[in-house]
Amino acid sequence: IVPEKLRDRIDGLLDGLRQPGEGAPGPEAVQPPERERADAESAQRALASPAREVEDRQEKLRRARTRALVRHARAADAILEAKREGLAPSLEQRRELTEARRTFEAVRPHGWQDAEAAYNKDNSLAQEAATGRVNRTVRALQLETEIRTDPARRADRFVERWKELGQTSQRQYQMGDMSGYKATRATMGDMAKSLERDPQLESILANRKRDLGIGIDSGRRLGLELAFSHGIDLGRGRGLGL
């Protein structure tokens, strides 16, 4: 027999543990399966919503970058075509290129610079991208981005490209392809002249003159030294040159 005072004390302790409704579980204690599923689905939607928003924003940015790339390619190709025909770009063409650059910069910083570096090496990339065929141009642009952000790699690429063009020009000359020979030499002239706008690259390449075919140091700046050593005209080539 439990003493009355002790029984009252035990009942008091149990009262604190009992749920409403005289010991029966309250509505908050056990939820119906349907309610649990609904809560779980609601939580999943809440978690997934931000992810979808991020994906949507990324997709919109990709589309905007593609549109900017195509517009810029059309403007660049128009100027390159004029130069191929021996004409000076019109004021309207220059203005469109400026606007296309500004649009491209807004959605991909330095994108137009990397694209133009690729176009100057291979004019056909601008022609392709101008018609919406951007896959090859995008890969070339990404490579130019890597080269731009890595000075040592940029120097390696310059030397590699210079040697390729030098060999190509010799082969074209030997085959009597004077039109191709002049075009290749013009591209080499663009490369030499570009060093005037890239002092960092010029500084790195100053220690690689032998790789560039410079046997005697005349004290000239590297771009002029390249032109002098290889007999290249630094006039307008077939790059954008703006």
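Above this text is the structure in question.
These numbers were taken from a predicted model, which means no experiment stands behind them.

(A) Region of the structure containing the overall build of the chain. Secondary structure assignment for the chain yields ten helices and zero strands. Starting at the N terminus and ending at the C terminus, the chain contains elements arranged as α-α-α-α-α-α-α-α-α-α. The 242 residues of the chain split such that 33% are buried. Put simply, 62% of the contacts in the chain that link residues at least 6 apart link residues at least 24 apart. Counting only carbon and sulfur atoms, one obtains 51% of the accessible surface of the chain, whose full area is about 15,700 Å².

(B) Spotlight on the nonpolar core. The biggest cluster of nonpolar side chains holds 24 residues, and the ones touching the most others in it are Leu69, Phe104 and Tyr119. Elements supplying a minimum of two residues to this core: α2 (33-84), α3 (91-107), α4 (111-121), α5 (123-130) and α6 (135-149). At nine residues, α2 tops the list of elements feeding residues into this core. Aside from chain neighbours lying at most four places away, what touches Phe104 is Arg65, Ala68, Leu69, His72, Gly111, Trp112, Ala115 and Leu141. Ranked by size, the runner-up nonpolar core spans 17 residues in total, among them Met188, Ala192, Leu212 and Leu226.

(C) View of the environment of Gly215. Note on placement: Gly215 falls in the loop between α9 (199-205) and α10 (222-230). On the basis of relative accessible area, Gly215 is assigned to the exposed category, the value being 71%. Through-space distance from the C-alpha of Gly215 to that of Ser229 is 8.0 Å; in sequence the pair is 14 residues apart.

(D) Fine view of α5. The element α5 is extensively covered by neighbouring structure, given that six of its eight residues are classed as buried. Taken as a whole, α5 has its buried residues at Asn123, Leu125, Ala126, Glu128, Ala129 and Ala130. Positive backbone phi, approximately 95 degrees, marks Gly132, located one or two places after α5.

(E) Quick peek at the pattern of salt bridges. One pass over the full model with this rule turns up 20 salt bridges. Beyond isolated ion pairs, a larger network of salt bridges with shared partners links Glu59, Arg62 and Arg63.

(F) Representation of unusual backbone geometry. In the Ramachandran plot, His110 falls in the positive-phi region, its phi being about 70 degrees despite a non-glycine side chain. Of the residues examined, His110 reaches a relative accessible area of 34% and is grouped as partly exposed.

(G) Highlighting the packing of aromatic side chains. Tallied over the entire structure, the rule returns two aromatic pairs. Each ring, one from Phe158 and one from Trp162, has its centre 6.2 Å from the other, and the planes form 5 degrees; the classification is stacked. In this pair, Phe158 and Trp162 both sit in helix α7 (residues 151-175), four residues apart, roughly one turn of the helix. Taken individually, Phe158 and Trp162 each receive the classification buried, so the pair is uniform in this respect.

(H) Examining the packing of α6 against α7 more closely. Their axes nearest at 5 Å, the elements α6 and α7 cross at an angle of 120 degrees. Comparing the axis directions of α6 and α7 gives the class oblique. Where α6 abuts α7, its residues Leu143, Glu146, Ile147, Arg148 and Thr149 lie against Pro151, Arg153, Arg154 and Arg157.

(I) Broad picture of helix α8 (residues 178-194). Over its 17 residues, α8 extends 24 Å from the first C-alpha to the last, a length consistent with the 24 Å expected when each residue adds 1.5 Å. A large share of α8 lies buried, amounting to twelve of its 17 residues. Residues Gly180, Tyr181, Ala183, Thr184, Arg185, Ala186, Thr187, Met188, Gly189, Asp190, Met191 and Ala192 constitute the buried set of α8. Of the surrounding secondary structure, the elements contacted by the buried residues of α8 are α4, α7 and α10.

(J) Examining the packing of α3 against α4 more closely. With their axes 7 Å apart at the nearest point, α3 and α4 run at an angle of 120 degrees to one another. With respect to α4, the element α3 is oriented oblique. Seen from α3, the contacting residues are Leu97, Arg101, Phe104 and Glu105; seen from α4, they are Gly111, Trp112, Ala115 and Glu116. When the residues that make up the contact of α3 with α4 are grouped by side-chain class, the tally is four nonpolar, one polar and three charged.

(K) Examining the environment of Ser169 more closely. Here Ser169 lies in helix α7. Ser169 gets classed as buried once you look at its relative accessible area, which sits at 3%. With eleven residues separating them in the primary sequence, Ser169 and Gly180 have C-alpha atoms 7.7 Å apart. When sequence neighbours within four positions are dropped, the list of residues in contact with Ser169 reads Tyr181, Thr184, Arg185 and Met188.

Here is what the cut-offs are and how they apply
- Residues numbered from 1 in each chain as written.
- Predicted model: local features only at pLDDT ≥ 70, side-chain atom pairs only at ≥ 80, totals over all residues.
- Heavy atoms only, no water.
- Helix = DSSP H or I, 4+ residues; strand = E, 2+ residues; numbered from the N terminus.
- Buried < 20%, exposed > 50% of the residue type's maximum accessible area, 1.4 Å probe, protein only.
- Contact = heavy atoms within 4.5 Å.
- Areas by Shrake-Rupley, 256 points an atom, 1.4 Å probe, with all protein chains shown as cover.
- Core = buried A, V, L, I, M, F, W, Y, C linked by side-chain atoms within 4.5 Å.
- Salt bridge = Lys/Arg side-chain N within 4 Å of Asp/Glu carboxyl O.
- Phe/Tyr/Trp six-rings, centres within 6.5 Å; stacked < 30°, edge-to-face > 60°.
- Axes fitted to C-alpha atoms, helices over the stretch in contact; angles between N-to-C directions.
- Parallel < 35°, antiparallel > 145°, perpendicular 65-115°, else oblique.
- Expected span 1.5 Å × (residues − 1).
- Nonpolar A, V, L, I, M, F, W, Y, C, P; charged D, E, K, R; others polar.

Read these as geometric descriptors, not functional statements.
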